[in-house]
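Given next are the chains, with one letter for each unit.
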Amino acid sequence: MLSRRFLVSACAAAMFTAVNVASAIAQQPIDSRTEFTFRTPVELPGTTLPPGTYVFRFADATTSKTVMQVADKASNKTYGLFLTISAQRPKASDDAELRFLETPAGTPAAVKTWWYPGNTIGREFIYPKAQARRLAMATNTTVLTTKEENVTSDNMKTAELEYVEPSGKESAVTERAEQTVAANTAPAPNMDRTPVRESQSASNTSNRRRLPRTDSTLPMLLLMGVTSLAGGASLRFRR
């Protein structure tokens, strides 16, 4: 009798935890939107953002999650749709993050990668060739760009990618390179960031908030619950 009660209790606890985890995940916006407030200009591929608060989100959230849209929060003006590739780092952050190329003093910081709270997988921005060459030389690090000199927005998704080095040398983007965050990147100074929950409007997210981690243990918890149910049913059948 004791064993049966223990199994039923364990099963109930596992299922309760799984439901809570699923509820937390459901609160995350499908487009993974985050807000960042810049007190100084910030450079992105093909454009420079003036100081202000901006929403970063996936424009293709229901498909591939490779296109990042950046819009001004106040005016809802879109500053661009930017192609990205996967980037990886060993430890996730509790807060939304942008990592920047370390540009010289007096020049706008250039965004290199974007990270959602709780994720070790982020996105790295693809810069136009001329801009990438300039940034690589100024920051003494590699910058992601296209192999062709001029690529239209329509051809960007199929364009061959490469890294341009400070010397001007170009190297192919390997699988390992795609999944590794390059050195010489750092958070930008004078910047506030806010991850946005699904249930919150853009107007009430001026304070920084944390989201639950997105590296979910839901499959493991569900498996534990099903195993406990099976064990309880087996014990009852034997008796």
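Residues numbered from 1 in each chain as written. Predicted model: local features only at pLDDT ≥ 70, side-chain atom pairs only at ≥ 80, totals over all residues. Heavy atoms only, no water.

1. Overview of empty space enclosed by the protein
Next up, step 1: Per the stated rule, a full pass over the model turns up one cavity of 30 Å³ or more.
Next up, step 2: Here the largest cavity is characterised by a volume of approximately 30 Å³.
Next up, step 3: As for the largest cavity, its lining consists of Leu 101, Lys 112, Glu 124, Phe 125, Tyr 127, Thr 142, Val 143 and Leu 144.
Next up, step 4: Its residues placed into classes, the lining of the largest cavity shows five nonpolar, one polar and two charged. (1 Å grid on protein atoms, 1.4 Å probe; cavity = no way out; pocket = protein on both sides within 12 Å on 5 of 7 lines; lining within 4 Å. Points joined across faces, edges and corners; volume = space filled by probe spheres on them. Nonpolar A, V, L, I, M, F, W, Y, C, P; charged D, E, K, R; others polar.)

2. A closer look at the pattern of salt bridges
Next up, step 1: Within this structure, the stated rule accounts for twelve salt bridges.
Next up, step 2: For Arg 89, the salt bridge goes to Glu 97, with nearest N and O atoms at 3.0 Å. Per residue, the accessibility class of Arg 89 equals that of Glu 97, and both read buried.
Next up, step 3: Lys 112 serves as the salt-bridge partner of Glu 124, at 3.0 Å between the closest nitrogen and oxygen. Separated by twelve residues along the polypeptide, Glu 124 in strand S9 (residues 121-125) and Lys 112 in strand S8 (residues 109-115) bring together distant segments of the chain. For the pair formed by Glu 124 and Lys 112, the shared burial category is buried. (Salt bridge = Lys/Arg side-chain N within 4 Å of Asp/Glu carboxyl O. Buried < 20%, exposed > 50% of the residue type's maximum accessible area, 1.4 Å probe, protein only. Helix = DSSP H or I, 4+ residues; strand = E, 2+ residues; numbered from the N terminus.)

3. So, the packing of aromatic side chains
Next up, step 1: This model, assessed by the stated rule, comprises six aromatic pairs.
Next up, step 2: Look at Tyr 54 and Tyr 79: their rings are 5.6 Å apart centre to centre, the planes differ by 80°, and that puts the pair in the edge-to-face class. Of this pair, Tyr 54 sits in strand S4 (residues 52-58) while Tyr 79 sits in strand S6 (residues 78-88), and the two are 25 residues apart along the sequence.
Next up, step 3: Take Tyr 79: its relative accessible area is 22%, and that puts it in the partly exposed class.
Next up, step 4: Here Phe 58 and Trp 114 contribute two aromatic rings whose centre-to-centre distance is 5.3 Å and whose plane-to-plane angle is 80°, an arrangement assigned as edge-to-face. With Phe 58 in strand S4 and Trp 114 in strand S8, this residue pair connects regions lying 56 residues apart in the sequence.
Next up, step 5: The positively charged end of Lys 77 is found above the aromatic ring belonging to Tyr 79, 4.6 Å away from the centroid. (Phe/Tyr/Trp six-rings, centres within 6.5 Å; stacked < 30°, edge-to-face > 60°. Lys NZ or Arg CZ within 6 Å of the ring centre and 35° of its normal.)

4. So, the sheet that holds strand S12 (residues 170-172)
Next up, step 1: The sheet built from three strands is open, its strands ordered S10-S11-S12 with antiparallel pairing. Whereas interior strands pair on both sides, the edge strands pair on one side only; in this sheet they are strand S10 (143-146) and S12. Each adjacent strand pair in this sheet contributes to an overall mean axis angle of 40°, direction not counted.
Next up, step 2: Two strands pair when backbone bridges link them, and S10 and strand S11 (residues 161-164) are joined in this way by four bridges, in the antiparallel orientation. Bridge assignment links Thr 145 to a residue of S11, and that residue is Glu 162.
Next up, step 3: Across the face of the sheet, helix H2 (residues 129-139) comes into contact with S10, S11 and S12 while running at roughly 160° to S10. (Pairing = 2+ DSSP bridges. Axes fitted to C-alpha atoms, helices over the stretch in contact; angles between N-to-C directions. Contact = heavy atoms within 4.5 Å.)

5. Some remarks on the side chain of Glu 124
Next up, step 1: When its relative accessible area of 1% is taken as the criterion, Glu 124 is described as buried.
Next up, step 2: Only 3.0 Å separates the side chain of Glu 124 from the side chain of Lys 112, close enough to count as a polar contact.
Next up, step 3: For Glu 124, the side chain forms a polar contact with the side chain of Tyr 163, separated by 2.9 Å. (Polar contact = N/O pair within 3.5 Å; in protein donor to acceptor, adjacent residues only side chain to side chain.)

6. Re the environment of Thr 103
Next up, step 1: Of note, Thr 103 is situated in the loop between strand S7 (97-101) and S8.
Next up, step 2: The sequence separation of Thr 103 and Leu 135 amounts to 32 residues, and the corresponding C-alpha distance is 7.5 Å.
Next up, step 3: Every residue in contact with Thr 103, bar those within four places of it in the chain, is listed here: Pro 108, Ala 109, Ala 110, Leu 135 and Thr 139.
Next up, step 4: Looking at Thr 103, its side chain comes within polar contact range of the main-chain oxygen of Pro 108, at 3.1 Å.

7. Points about unusual backbone geometry
Next up, step 1: Despite not being glycine, Lys 65 has its phi angle at roughly 55°, a positive value.
Next up, step 2: For Lys 65, the position within the fold is in the loop between S4 and strand S5 (67-72).
Next up, step 3: Given the relative accessible area of 30%, Lys 65 is considered partly exposed.
Next up, step 4: For Asn 140, which is not a glycine, the phi torsion comes out positive at approximately 60°.

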